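Architecture at a glance
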There are 2 protein chains.
Amino acid sequence: MISITIIGSGNVAQHLIKAISKSDDIELVQVFARTKESLDSIVEDSKIISDYTQFKEANMYLIAVSDNAIAEVSNHLPFNNQLVAHTSGSCALTDLNTNNRRAVFYPLQTFSKNKVIDFNRVPICLEAEQSADYQLLEKVAQSISNSVFAIDSEQRKSLHVSAVFVSNFVNHLYQLGNELCTTYNVSFDILKPLIAETANKIQTLSPQEAQTGPAKRNDTITINKHLALLSDENHKEIYKILTKSIIDHGKKL
Amino acid sequence: MISITIIGSGNVAQHLIKAISKSDDIELVQVFARTKESLDSIVEDSKIISDYTQFKEANMYLIAVSDNAIAEVSNHLPFNNQLVAHTSGSCALTDLNTNNRRAVFYPLQTFSKNKVIDFNRVPICLEAEQSADYQLLEKVAQSISNSVFAIDSEQRKSLHVSAVFVSNFVNHLYQLGNELCTTYNVSFDILKPLIAETANKIQTLSPQEAQTGPAKRNDTITINKHLALLSDENHKEIYKILTKSIIDHGKKL
């Protein structure tokens, strides 16, 4: 049995707490949170602490707070030479205080409130300074997910920026599509099967094989029709730059 | 039994032929195609024609060719006053020759070779000049899909440009993410569960509710880290414009 204390109460912390609670191999010792409300239904009251003096011993301390608070939290921890990992994609292992044995436990997924995640399928990217610590991290990760990877800080940074392209930016394109539907009085629901299939194709085809549409065909007649239809300058600018990028990629082949 | 002849042999035509072949309510009369090869395994040889003089009678003629060939094909049809529909999202009903009764039968989905589609879930957008023709189109559409909509030419144009945003552009962002992975030597596979979940969220959350990431939080520290990491000017420009658009949308709320 591996004992873990989680620091944080946001989306990532909550999803981790739920995943860990289901595992037979991990014991949740405590959760450190400034406010108890968000944890009400998922952790026993007696396990929640909000004072740095109340920490009990654990095999591992997992800092799941916002990126800009990681260094500060790690500086405040009142113990030394323990295994401390953060869960951030964009922060380096070296953002953690050297008082403890530093590591990273990064679950690469988009976590929303009120949206259940199957943690078994969430890739977890691990990094540790010491190999014994890596082995412990790996046991923890494997007890909640089937998809565990050794990823160093440089690789993790690039994964994080890639994730912004394939998730945050993609979702924003959904938002722009939704705006167009609203403007022209058609239901966004009509596009949902297309959204699902576009993501589904990429599970088996390469993005290059999966590309379709007027830019891919360099079909300037349709492209100009679309530009004439778009009245919002922001929509127009994004349409132009992404169309140009698709056409330029076609030329490189 | 409704009899249909399909004109075309590309992706859309092939997927329609397969869907229609499964329906008990529709009889496939003929397929008009310049070359037989692509249809080899899906249509009996005797049904394939390649000459405009060989058309038999059918209740409906479905033109599933590339956008820029629709007008020409419709001008060459050797009959009058028959129901003729095209399958294009970006062409108007009026692109068809007035010799026949004009209509549109637009399946809104991304069709790739070698990728099976569940046609039952493909939204089909219908438009016809005459109400009797609309009813026939509707019967055909309902016999292959559970998702049928009356959409006029203006609405269809806006759906088509929305589809470019939520599918073609989205896929291109997958490609850019893939390029970043290659550059930094990490497997694109690690991002696939994130891609699936990002599309999955939008089935139940609005794009605005589903938005996450540094731009949404206006987290300039992470944004600048990402920009410093991106070495390709095209990646950088697209990162900047989409980040700005997400931040601007946040301000509007």
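Further up the page is the structure itself.
Reference entry: report on the structure contained in this document. (Residues numbered from 1 in each chain as written. Chains lettered and ligands numbered in written order. Predicted model: local features only at pLDDT ≥ 70, side-chain atom pairs only at ≥ 80, totals over all residues. Heavy atoms only, no water.)

1. Some details on the relation of the copies chain A and chain B
- If you rotate chain A by 180 degrees and push it 0.0 Å along the axis, it lands on chain B with an RMSD of 0.0 Å. Taken together, the rotation and translation describe the operation of a two-fold axis. Minimal C-alpha distance to the rotation axis in chain A is attained by Val 170 of chain A, lying at 2.7 Å.
- An overlap of 99% is found between the interface residues of chain A and their copies at the interface of chain B, pointing to a shared contact surface. (Least-squares fit on C-alpha atoms with pLDDT ≥ 70 in both. Contact = heavy atoms within 4.5 Å.)

2. Some thoughts on the interface of chain A and chain B
- Between chain A and chain B, the residue contacts involve 87 residues of the former and 86 residues of the latter.
- Surface buried jointly by chain A and chain B totals about 8300 Å² across both partners, of which 68% is contributed by carbon and sulfur atoms.
- Between the two partners, chain A and chain B, sit zero salt bridges.
- Applying the counting rule to chain A against chain B returns 32 residue pairs in polar contact (both at pLDDT 80 or more).
- Per-element accounting of the side of chain A that touches chain B gives the leading share, 26 residues, to helix H4 (residues 153-183) of chain A.
- Of the residues assigned to the side of chain A that touches chain B, the class counts are 43 nonpolar, 31 polar and 13 charged. (Buried area = accessible area lost by both parts, 1.4 Å probe. Salt bridge = Lys/Arg side-chain N within 4 Å of Asp/Glu carboxyl O. Polar contact = N/O pair within 3.5 Å; in protein donor to acceptor, adjacent residues only side chain to side chain. Helix = DSSP H or I, 4+ residues; strand = E, 2+ residues; numbered from the N terminus. Nonpolar A, V, L, I, M, F, W, Y, C, P; charged D, E, K, R; others polar.)

3. With respect to the packing of H4 of chain A against helix H8 (residues 233-252) of chain A
Residues and elements named next belong to chain A.
- Closest axis-to-axis distance for the H4/H8 pair is 11 Å, and the angle between their directions is 130 degrees. Taken together, the axes of H4 and H8 are oblique relative to one another. As for the relative orientation of H4 and H8, their crossing is left-handed in sense. Each of Leu 173, Leu 176, Glu 179 and Leu 180 in H4 lies in contact with H8, whose residues at this interface are Asn 234, His 235, Ile 238 and Leu 242. (Axes fitted to C-alpha atoms, helices over the stretch in contact; angles between N-to-C directions. Parallel < 35°, antiparallel > 145°, perpendicular 65-115°, else oblique. Left-handed = near helix turned anticlockwise from the far one by under 90°.)

4. Section: the pairing of strand S4 (residues 60-63) of chain A
Residues and elements named next belong to chain A.
- Burial along S4 is two-sided: Met 60 and Leu 62 facing one way and Tyr 61 and Ile 63 facing the other are all buried.
- For strand S1 (residues 2-7) and S4, the ladder comprises four bridges, and the chain directions are parallel. Across the sheet, Thr 5 pairs through a bridge with Tyr 61, a residue of S4.
- Bridging between S4 and strand S5 (residues 83-86) involves three bridges; their strand directions are parallel. If you follow Ile 63 over to S5, its bridge partner there is His 86.
- Regarding topology, helix H2 (residues 70-76) serves as the crossover connection from S4 to the parallel S5, and that connection is right-handed. (Buried < 20%, exposed > 50% of the residue type's maximum accessible area, 1.4 Å probe, protein only. Pairing = 2+ DSSP bridges. Right-handed = clockwise from strand over helix to strand, strands pointing away.)

5. As for the pairing of strand S6 (residues 101-107) of chain A
Residues and elements named next belong to chain A.
- Here S6 lies mainly inside the structure; six of its seven residues are buried.
- Note that S5 and S6 share four bridges and pair parallel. Bridging from a neighbouring strand, His 86 pairs with Val 104 of S6.
- In the sheet, S6 pairs with strand S7 (residues 124-128) via five bridges, with the strands oriented antiparallel. In the strand pairing of S7, Pro 107 is matched with Ile 124.

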